[in-house]
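Given next are the chains, with one letter for each unit.
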Amino acid sequence: MNRRGKRLLDDLDQEIRDHIELATQENIDRGISPDEARYLALRKFGNVVRVKEDARAVWRVVWAEQLVQDIRFALRQLYKSPTFTGIAVLTLVLGIGANTAVFSLVNALLLHPYDFKNLDSLVRVWENRGIDEGYDARNIAPADAADFLSGAGVFEEVTTYRDQSFNLATEGDVEPVLGCAVSASFLDVLGVRPALGRGFVTSEEQPGFDQVVLLGYSLWRQRFASDPAILGKTIKLSERSYTVVGIMPPKFSYPVPAQLWIPLALAPEQKADRSDLSVMALARLKAGVSVAQTTAALSAYAQRLEQAYPKTNAGRSATALQLRKELYLYTVPLFLSLQAAAVFVLFLACANLANLTFARLIGRQKEIAMRAALGAGQRRLARLFICETTLFSLLAGIAAAAISFWTVRLLRSSISQDWTKWVPGWDGIQVDRTVLAIAIIMALFVGLGFGFATIVHAGRANLTAALKESGPGSLSRAKGRLRSALVVSQVAFALVLLVCAGLTIQGFLRLSNVYAALDPFNVLRIELSLPEKTYSQQTQIANFYQQYLHSAAALAGVTQVALSSNHPASNVDNETAFFTIEGRPSPKINETPSAAIQTVTPDFFPVLRIPLLAGRRFTESDTFTQPQVAIVSRSMVERYWPAEIAVGKRIKLGKSDSASPWITIIGIVADVRQNWWNPAASPTLYRPFLQSPQPSMTTLLRSGADPTSYAASVREIVLKLDSGVALRGVGTLQKEVTDSIGIIRIMGILMGVFGMVALALSLVGVYGVLSESVAQRTHEIGIRVALGANPCDLMRLVLAHALRLTLIGLVIAVPVAFVLSRLLASAIHGVVTVDLAILAEFSFLLVLVALVAAFLPARRAMGVDPMVALRCE
Amino acid sequence: MSTEEKERLELLQGTLDLLILRTLLLGPAHGHAIAKAIEFRSDEVLQVEQGSLYPGLHRLIKRGWISAEEGTSENNRRAKFYRLTAKGRKQLSVETNKWDRLAGAIARILRPTEERE
C-alpha cells in the first residue's frame with residue numbers, strides 16, 4: 001500500500017461522515033424530521049463498513065498477501081521434513097559460514113590493513129643498488145628521496161623515516177621500545193592526526209630541536225596510565241629527554257610495531273647524502289597517477305640520477321609498491337588460497353543441496369502435479385518453490401552470520417598479542433556490515449537459484465504421467481541422465497577440492513615444521529640492550545656480556561647459556577653481508593657473494609642443538625687479538641664451495657678492495673631456517689661475539705627444568721651489573737617459535753577445517769546421490785530378482801554403473817586438479833608442492849565411497865521379497 | 001418523495017467509473033456532489049448506492065485518472081475535491097467510445113428488426 005492510498009483511506013472516515021451530514025442536511029431542508037433525514041441519508045449511502053473495506057481493497061496488494069500465504073506454507077513444509085531442512089541448512093551454513101569468516105579475515109587484513117586516508121594512493125618507494133639481490137631492505141638515500149619528490153612528477157609528497165629502538169626509562173624501570181624517526185610530513189602523508197596534542201613541525205627536523213615525541217596509544221595506556229597531563233612533560237628515551245607533544249590514536253602503529261615517533265633530524269650533510277641508503281620512504285601519489293605510471297616515472301628518473309651522480313648512483317634503480325600490497329607480499333597467496341577454498345566449499349555445499357532438492361522434488365512430483373491439476377498456475381507454483389528455497393537459504397545465511405561472529409572472535413582471541421602486533425589490520429578483524437550483507441546476499445542467490453532450478457525442472461514434468469506414476473519407481477530417461485550428471489559432477493568437485501585442500505594442508509604442516517632443525521624446548525630467551533652512551537666501546541660491550549654470561553651460566557640447573565644477535569624464529573631477517581672469497585677473481589657487481597650474518601657466542605649451537613658438521617666451534621679465546629674466524633652454514637658451503645673443503649678457506653667482508661681483515665672459516669653447521677617466510681634456509685655466516693660484539697643481544701638459556709623460573713635470577717644479574725640495561729621479551733623460545741608461525745598455524749587449522757568440511761560434504765554428497773539413485777531402482781531390481789536374475793550378476797551391474805559414473809567424474813577432475821595444484825604451487829611458493837600421491841589417494845577414497853554407496857542400497861533392494869518390491873506401487 | 005415511485009435501475013458493472021469521469025469533466029467536485037450529480041443527471045433513474053462511489057474514486061485515483069485535493073465546499077467546509085487528470089480525460093473519451101459501441105451492439109441484438117426497417 002503506498003502513501004497516497006494510506007492518506008486517502010485515513011481521510012475516508014471524515015469524508016463519509018461529511019457526506020452523510022450533507023445528505024441529512026439536504027433532507028432536513030426538504031422538511032423531513034432530523035431523525036428521519038439521517039436515516040434516509042444512511043440508507044442511501046449503503047453499508048459504511050463495506051464501503052471502507054472495498055476502498056481498502058483497491059489499495060491492497062494482492063501478491064503481497066499471497067506471499068505471506070506462500071511463506072507460511074513453505075515454513076510448514078520445512079517444518080514437516082526436519083531432516084531435509086536440517087541437512088540443507090547445515091550444508092549451507094558450512095558453505096556460507098566458511099566464506100563469511102574467511103572474507104572477514106581477507107577484508108580486514110588485505111582490504112583495510114591500515115586506517116589511512118586514501119590508502120590506494122600511498123606507495124613505498126625504495127632504491128635497489130643492483131648488488132642487493134636477495135637482500136630486501138627497501139631503503140633509499142635521503143637526497144635521492146628529495147629528488148624523486150621534486151623531479152619525478154608523480155608524488156604529491158614524500159616522507160622519510162627509519163626504525164629506531166629506544167630504552168624507555170620510567171620510575172627505575174628500563175624497557176626497550178620500538179619506535180620510528182619520521183620527517184615532519186609523515187602524519188600528513190598518511191592522513192592521520194594525533195588523538196591528543198599535535199604532530200611534528202618542520203623546525204623540529206633540525207638536530208638540536210628534535211627532542212619531541214609522539215606516543216603510541218597502547219604505550220601511553222600501559223606506561224603512562226592514559227594520563228593526558230603527560231602532554232608537555234618530558235620522558236627519558238635512551239638517556240635523552242624528549243617532550244611529549246602528542247598521543248596517537250588507538251589503532252595507529254606504522255611502521256608496525258612502532259610505539260613512539262620522534263622527528264627524523266638529519267644534518268645537512270646527511271640530507272645531501274646519496275651513497276648510503278639510510279632511510280625508508282613513503283609517498284602519496286598525485287591524484288590520478290597510477291602505480292604503473294609511478295614505476296615508469298621512477299625508473300626514468302633513476303636513470304637521470306645515474307647519469308648525474310655516476311659515482312654514487314651507478315647501477316641504482318627505484319621501485320614503488322602500494323603500501324597495501326607491500327606488507328602482505330608473503331601472505332597474500334595464503335589468504336587467497338584460503339578464500340578459494342572457502343568458495344569451493346560453498347560450491348560443494350550447493351552441489352549437495354542441488355542433489356537434496358532434486359531428491360525431494362522427485363518425492364513431491366505427485367504433490368506438484370496435483371496442485372497443477374487443481375489449477376495452481378505455473379507462476380504461483382514457482383513462487384512456492386522460490387519461497388521454500390529462499391527461506392531455508394536465508395535461515396542458513398542468518399545462522400552462518402551468527403556463527404561467523406563467533407568464529408571471528410575465536411580467531412582474534414586465539415592468537416597471542418606478541419604476534420598480532422606485527423599484523424596491521426589485525427585489530428580490525430570483525431564481521432562488518434559488508435561481510436554480513438555478502439553472506440545474506442549469497443544465501444539469497446543460492447536460494448533463488450535453487451528455486452528457479454526446481455521450477456524449470458518441475459515445469460517440464462508431464463502432468464498426467466506424474467499423476468499416474470505410482471511412485472518414484474519409474475524414472476524417466478531424462479531424469480536418469482540428470483541424476484548421473486549429478487553423481488559425476490559431485491565426484492569431480494569433490495576430488496578437485498580434496499586435492500587442493502590436501503596439498504595446502506600438507507604445505508602448511510611442512511611450514512609449521514620449518515624450525516625442526518633447532519630444539520627450542522626448555523630454552524629461555526631474554527633480549528638485552530645496552531645504553532649506547534655508556535657502552536660506546538666494543539670492549540665495554542664485550543666485558544659486560546662476558547660477566548653476564550659467566551654469572552648466568554653459574555646459576556644452578558642451567559645447562560648452557562648463549563647470546564645471539566638474531567636467533568631463528570625471531571620474525572626478523574638477518575642482515576646480509578657481501579664478502580669476497582680469497583683467491584677468486586672479483587665477480588661482477590651483481591654476483592658478489594653474500595650471506596646472512598649473525599653474531600653468536602660459543603654455546604649458541606649446543607643450546608639450540610644445531611649440529612656441527614665439520615671443523616670446530618667458537619671458543620672464548622676467539623677474541624679481538626686472535627685471528628678472525630667464522631662458522632658457515634651447510635647451504636653456504638653448498639653455494640660457494642660445492643666441491644671444495646670450506647674449512648680453512650678465507651673470506652673478507654665487503655668487496656675485494658675492502659680493508660676489512662681476512663676471516664678464516666673454522667667450522668660448518670647444519671642449516672636452520674631463520675623465518676617461516678624464507679623459502680629455504682639461507683646461506684649464513686656466523687661470527688664470534690668476542691670479535692664483533694653488539695649492544696643488543698638475545699640470551700638463550702637452556703635449563704633442565706622450567707626455563708621461565710630463571711627469568712628473575714637473570715634479571716637480578718643484569719641489574720646488579722648495570723641498572724641502566726633494558727630487558728625485554730622474557731619468555732620461552734618454545735613460545736616464540738610457536739608464535740612466530742602463528743599465522744601459518746591458523747591458516748593450517750582453517751585449511752584443515754575446510755578440508756574436513758569438504759571431505760564430509762563430498763563423501764556425504766557422493767554417497768547420497770549414488771545410494772539414492774540405486775534406491776530408486778528397488779522396483780526394477782525386484783522384478784529382475786523375481787525373473788530369476790543371479791544376485792551376483794545384478795550386484796555387479798549396479799556396482800559397475802556406480803563405478804562408471806565415478807570414473808567419469810575422476811577423469812574429468814584429475815586434469816583440473818592437476819592444473820589447479822600446479823597453480824597453487826606457483827602461487828604459494830615454497831608452501832605447496834604438486835604431489836601426485838595425494839591425487840591417487842583421494843581418487844581411491846572416492847571410488848571406495850562410491851562402491852559402498854552403491855553396494856548398501858543394492859543389497860537392501862535384493863534382500864527385499866520380490867513380491868513386496870513388485871507391489872510397492 | 002417521487003424517487004421511490006420511479007422505476008430504478010441497477011448500475012452495470014464498470015459503468016460507475018465512466019459516470020464519475022463524465023461528471024468530473026464539468027469540474028472538480030467532492031463526493032456528495034458527484035453522487036448527487038449522477039442521480040440528478042440520470043433523472044434519478046440510476047440507483048447508485050452513494051457509498052460505492054468511494055471505492056470507485058479510490059480506484060480511479062490509483063489509475064491516475066483523477067486526483068484528490070483539499071478544498072472548501074459551497075458552504076465553507078473543508079472537503080476533498082476530485083479533479084479529472086489529463087490522463088483521465090483521454091480515458092473518458094476511450095471509455096465513452098467503447099460504451100457507445102457496446103450500447104449500439106446490444107441494441108442491435110435486442111431489436112434487430114426495428115433497426116433494419
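Residues numbered from 1 in each chain as written. Chains lettered and ligands numbered in written order. Predicted model: local features only at pLDDT ≥ 70, side-chain atom pairs only at ≥ 80, totals over all residues.

**Thoughts on the interface of chain A and chain B**
Next, step 1: If you look at the interface, chain A gives 19 residues, while chain B gives 16 residues.
Next, step 2: Elements that contribute at least two residues to the side of chain A that touches chain B include exactly helix 1 (3-29), helix 2 (34-45) and helix 3 (48-59) of chain A.
Next, step 3: Element by element, the count of residues in the side of chain A that touches chain B is highest for helix 1 of chain A, at nine residues.
Next, step 4: Residues belonging to the side of chain A that touches chain B are distributed by class as follows: ten nonpolar, four polar and five charged. (Contact = placed C-beta atoms within 7 Å. Helix = DSSP H or I, 4+ residues; strand = E, 2+ residues; numbered from the N terminus. Nonpolar A, V, L, I, M, F, W, Y, C, P; charged D, E, K, R; others polar.)

**Describing helix 10 (residues 291-308) of chain A**
Residue and element names in this part refer to chain A.
Next, step 1: The end-to-end C-alpha separation of helix 10 is 25 Å, in line with the 26 Å expected for 18 residues at 1.5 Å each.
Next, step 2: Taken as a whole, helix 10 has its buried residues at T294, L298, A302 and L305. The arc that holds the buried residues of helix 10, viewed along the axis, is 70°, so those residues lie on one side. For helix 10, the exposed residues lying more than 90 degrees away from the buried face are A292 and Q307.
Next, step 3: Where helix 10 is buried, its residues touch strand 1 (122-128), helix 6 (142-151), strand 9 (280-285), helix 11 (310-313) and strand 10 (317-322). (Expected span 1.5 Å × (residues − 1). Buried ≥ 20, exposed ≤ 12 C-beta atoms within 10 Å, placed from the backbone. Arc of directions from axis to C-beta.)

**Focus on the nonpolar core**
All names here are of chain A.
Next, step 1: Among the nonpolar cores identified, the biggest contains 156 residues, and V345 and L495 are the most heavily contacted of them.
Next, step 2: Apart from residues lying up to four places away in sequence, L495 is in contact with L810, A813, A817, F842, S843 and L846.
Next, step 3: C180, F186, F200 and V245 belong to the second-largest nonpolar core, a separate cluster that totals 61 residues. (Core = buried A, V, L, I, M, F, W, Y, C linked by C-beta atoms within 7 Å.)

**Notes on the environment of S183 of chain A**
Residues and elements named next belong to chain A.
Next, step 1: For S183, the location among the structural elements is in the loop between strand 3 (173-182) and helix 7 (186-190).
Next, step 2: Each C-alpha atom of the pair S183 and T160 lies 5.7 Å from the other, and the pair is 23 residues apart in sequence.
Next, step 3: With residues up to four places along the chain from it excluded, the contact list for S183 reads T159, T160, Y161, E205 and L264.

**Re the pairing of strand 18 (residues 663-669) of chain A**
All names here are of chain A.
Next, step 1: Among the seven residues of strand 18, five are classified as buried, and the element is accordingly described as predominantly covered.
Next, step 2: Note that strand 15 (residues 612-615) and strand 18 share three bridges and pair antiparallel. Each residue of the ladder has a partner; that of A614, found in strand 18, is I668.
Next, step 3: Where strand 16 (residues 629-633) and strand 18 come together, five bridges link them in parallel fashion. If you follow I631 over to strand 18, its bridge partner there is G667.
Next, step 4: Strand direction decides the pairing type here: strand 17 (residues 650-653) and strand 18, joined by two bridges, are antiparallel. Each residue of the ladder has a partner; that of R650, found in strand 18, is T664. (Pairing = 2+ DSSP bridges.)

**Section: helix 1 (residues 15-24) of chain B**
All names here are of chain B.
Next, step 1: Of the residues making up helix 1, those classed as buried are L16, D17, I20, L21, T23 and L24. Down the axis, helix 1 shows its buried residues gathered within 165° of arc, on one side only.
Next, step 2: Tucked inside the fold, the buried residues of helix 1 contact strand 2 (29-30), helix 2 (31-41), helix 3 (53-63), strand 4 (66-72), strand 5 (78-84) and helix 4 (86-110).

**Some remarks on the environment of E736 of chain A**
Residue and element names in this part refer to chain A.
Next, step 1: Mapped onto the elements, E736 comes out in helix 24 (residues 733-740).
Next, step 2: Between the C-alpha atom of E736 and that of P568, which follows or precedes it by 168 residues, the distance is 9.7 Å.
Next, step 3: Residues in contact with E736, not counting those within four places in the same chain, are R525, A569 and G731.

**Regarding the confidence of the model for chain B**
Residues and elements named next belong to chain B.
Next, step 1: For chain B, per-residue confidence averages 80 on the pLDDT scale, and residues scoring 70 or more make up 81% of the total.
Next, step 2: The low-confidence segment residues 1-6 (pLDDT under 50) makes three contacts with residues lying over four places distant or belonging to another chain.
Next, step 3: For this predicted complex, the interface confidence comes out at an ipTM of 0.85, alongside a pTM of 0.59. (pLDDT = per-residue confidence, 0-100.)

**What to know about the pairing of strand 3 of chain A**
The two faces of a sheet get side chains in turn, since along a regular strand they alternate between them.
Residue and element names in this part refer to chain A.
Next, step 1: In this sheet, strand 3 lies alongside strand 2 (residues 155-170) in antiparallel orientation, the contact comprising ten bridges. In the sheet register, N167 faces strand 3, and the bridge partner there is P176.
Next, step 2: Judged from the four bridges that link them, strand 3 and strand 8 (residues 260-263) form a sheet pairing that is parallel. What sits directly across from C180, in strand 8, is W261.

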